[in-house]
Amino acid sequence: MTDSLTDWHALYPFKSHFLDLGAGVQYHYLDEGPQDAPVILMLHGNPTWSFYWRNLVLALRENYRIIVPDHVGCGLSSRPDRKTYAYTLDQRIRDVTTLIQTLNLRGITLLAHDWGGAIGMGTATRNPDRFTRFALCNTGAFRFARIPLRIAVCRIPVFGRVGIQGFNLFAGAAVKMAVEKPLPKDVRAGLLAPYDNWKNRLATCEFVHDIPMTPRDRSWKTLVEVEEGLTQFRDHPVCLMWGMRDWCFTPAFMERFQDFFPQAETHPFSEAGHYVVEEKWEEMTPILREFMKK
């Protein structure tokens, strides 16, 4: 991972940990805060990495044990090729399951964004006894018929891969299009730092191609499994924190989660976009502290 013109390292003052997933794949994660404190598992989406959660980690680590992995191919985790690693929703659920079982995490509060929602809720449906609460931000964990044109274009064979892996159109556009106000240069540099060449952008591309839209898609069956497992958490504490100007995970996704979790507390942020944690982490911190009491 090379540096950008603007240094971002001061924004990410954390100790790295690695879990060996086999076949030479190293799974990077943060483990911050007291080891015996209540656990918050933060799962990022595409095209972010654990850097995205940095402000909430710093704000909450005094009182909670914060676990933040980088999905394989993202952040500081390994960059295996497609022959070595599947890059599917099922595999990513398996990765998180391996992590929480290895660390023997229990009483987990899931905090998830973007792809982290499907991965995290999928992990919870397979390990329900380990999860206690769910805080979800601009994400999905169910079938949804609509896909934004900007993302659909990225799924076009050859054209999409060249655009994402060759020209970094996905991550590069996200740092501008996923927020309502311009991000500082060092923040943009940090978000983009892991995705600086063709090989390092493979996971970004594979996430896009793995979006399950029809039964023909490779992760459709897994997504159905995740969706059908949501009802078992109907009586668990659920918190929905949503950037209402998100053009990808629109408020319609929040409303769909409310169908599954009618007792969920909801915190809409009218002036925030898809990268809601970048824009509203200060407001989210007291919300999460109060939510952790439930």
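Structural data are supplied above this passage.
Calculation criteria
Residues numbered from 1 in each chain as written. Predicted model: local features only at pLDDT ≥ 70, side-chain atom pairs only at ≥ 80, totals over all residues. Heavy atoms only, no water. Helix = DSSP H or I, 4+ residues; strand = E, 2+ residues; numbered from the N terminus. Rg over C-alpha atoms; globule rule 2.2 N^0.38 Å. Buried < 20%, exposed > 50% of the residue type's maximum accessible area, 1.4 Å probe, protein only. Contact = heavy atoms within 4.5 Å. Areas by Shrake-Rupley, 256 points an atom, 1.4 Å probe, with all protein chains shown as cover. Lys, Arg positive; Asp, Glu negative; His and termini not counted. Charge placed at Lys NZ, Arg CZ, Asp CG, Glu CD. Salt bridge = Lys/Arg side-chain N within 4 Å of Asp/Glu carboxyl O. Expected span 1.5 Å × (residues − 1). Phe/Tyr/Trp six-rings, centres within 6.5 Å; stacked < 30°, edge-to-face > 60°. Lys NZ or Arg CZ within 6 Å of the ring centre and 35° of its normal. Pairing = 2+ DSSP bridges. Polar contact = N/O pair within 3.5 Å; in protein donor to acceptor, adjacent residues only side chain to side chain.

**Student:** What is the right way to look at the overall build of the chain in this model?
**Tutor:** For the chain, the helix and strand inventory stands at eleven helices and eight strands. Rg of the C-alpha trace for the chain: 17 Å, near the compact-globule value of 19 Å for 294 residues, within the 12% margin. Scored against the burial criterion, the 294 residues of the chain give a buried share of 59%. Across the chain, every contact between residues at least 6 apart in sequence was considered, and the portion connecting residues at least 24 apart equals 77%. Accessible surface computed for the chain: about 12,300 Å², of which carbon and sulfur atoms make up 53%. In the chain, 34 positive and 33 negative side-chain charges are present, and the distance between their average locations comes to 4 Å.

**Student:** What is the right way to read the pattern of salt bridges from this model?
**Tutor:** Oppositely charged side chains can form a pair if their charged atoms are brought close together. The full count for this structure, using the stated rule, is 18 salt bridges. Among the salt bridges present, the one from E206 reaches R82, with a minimum N-O distance of 3.8 Å. Within this pair, whereas E206 is found in helix α8 (residues 202-209), its partner R82 is found in the loop between β4 (65-69) and α2 (89-102), the two being separated by 124 residues in sequence. Taking the relative accessible area as the measure of exposure, E206 reaches 2% and is therefore buried. Across the pair D129 and R106 runs a salt bridge, and its minimum N-O distance is 3.2 Å. Placement of D129 in the loop between α3 (115-126) and β6 (131-139) and of R106 in the loop between α2 and β5 (108-114) is noted, with a sequence separation of 23 residues between them. Among the charged side chains, a network of salt bridges with common partners joins R82, E206, D210 and R218.

**Student:** What's the story with α2 in this structure? I'm lost.
**Tutor:** An α-helical turn contains 3.6 residues, so any two residues separated by three or four positions project in the same direction. In this model, α2 (14 residues) spans 20 Å end to end at C-alpha, consistent with the 20 Å of a helix rising 1.5 Å per residue. Within the span of α2, buried status applies to L89, D90, R92, I93, D95, V96, T97, L99 and I100. Positioned one or two residues after α2, N104 has a phi angle of 55°, which is positive.

**Student:** Explanation requested: the packing of aromatic side chains in the structure shown.
**Tutor:** To describe a pair of aromatic rings, you give the distance between the ring centres and the angle between the ring planes. Following the criterion strictly, the structure yields 22 aromatic pairs and no others. With a centroid separation of 5.8 Å and 20° between ring planes, the pair formed by F142 and F260 is classed as stacked. Of the two residues, F142 is situated in the loop between β6 and α4 (149-154) and F260 in helix α10 (residues 251-260); the sequence distance between them amounts to 118 residues. Judged by its relative accessible area of 4%, F142 falls in the buried class. For F260, a relative accessible area of 9% corresponds to the buried category. Pairwise contacts between aromatic rings join F142, F144, W242, F249, F253, F257, F260 and F261 into one cluster. Positioned above the aromatic ring of F51 is the side chain of R54, whose terminal nitrogen or guanidinium carbon lies 4.2 Å from the ring centre. The lysine or arginine in question, R256, covers the ring of F142, its NZ or CZ lying 5.8 Å from the ring centre.

**Student:** I would appreciate a short explanation of the environment of T285 in the present structure.
**Tutor:** Here T285 is to be found in helix α11 (residues 276-291). Through-space distance from the C-alpha of T285 to that of K176 is 24 Å; in sequence the pair is 109 residues apart. The residues contacting T285, other than those within four sequence positions of it, are L56, A59 and L60.

**Student:** How should the pairing of strand β1 (residues 17-22) be read in this particular structure?
**Tutor:** Two faces make up the sheet, and in a regular strand the side chains alternate between them. Where β1 and strand β2 (residues 25-32) come together, five bridges link them in antiparallel fashion. Residue pairing for β2: L19 is matched across the bridge by Y27. Linkage of β1 to β2, two consecutive antiparallel strands, is achieved through a turn of two residues, within which A23 is found at a positive phi near 55°.

**Student:** I'm lost on the environment of G166 in this one. Help?
**Tutor:** Here G166 shows up in helix α5 (residues 159-167). Assessed through its relative accessible area of 32%, G166 is described here as partly exposed. In the structure, G166 is positioned 36 residues away from R130 in sequence and 40 Å away in space, judged by C-alpha atoms. If sequence neighbours within four positions are ignored, G166 has contacts with R161, W198 and R201.

**Student:** Would you mind going over the side chain of S77 with me for this structure?
**Tutor:** Relative to the assigned elements, S77 resides in the loop between β4 and α2. For S77, a relative accessible area of 4% puts it in the buried group. A polar contact of 2.8 Å, which involves the side chain of S77, links it to the backbone nitrogen of H28. In this view, S77 contacts Q26, Y27, H28, D70, H71 and V72; residues no more than four positions away in its chain are not counted.

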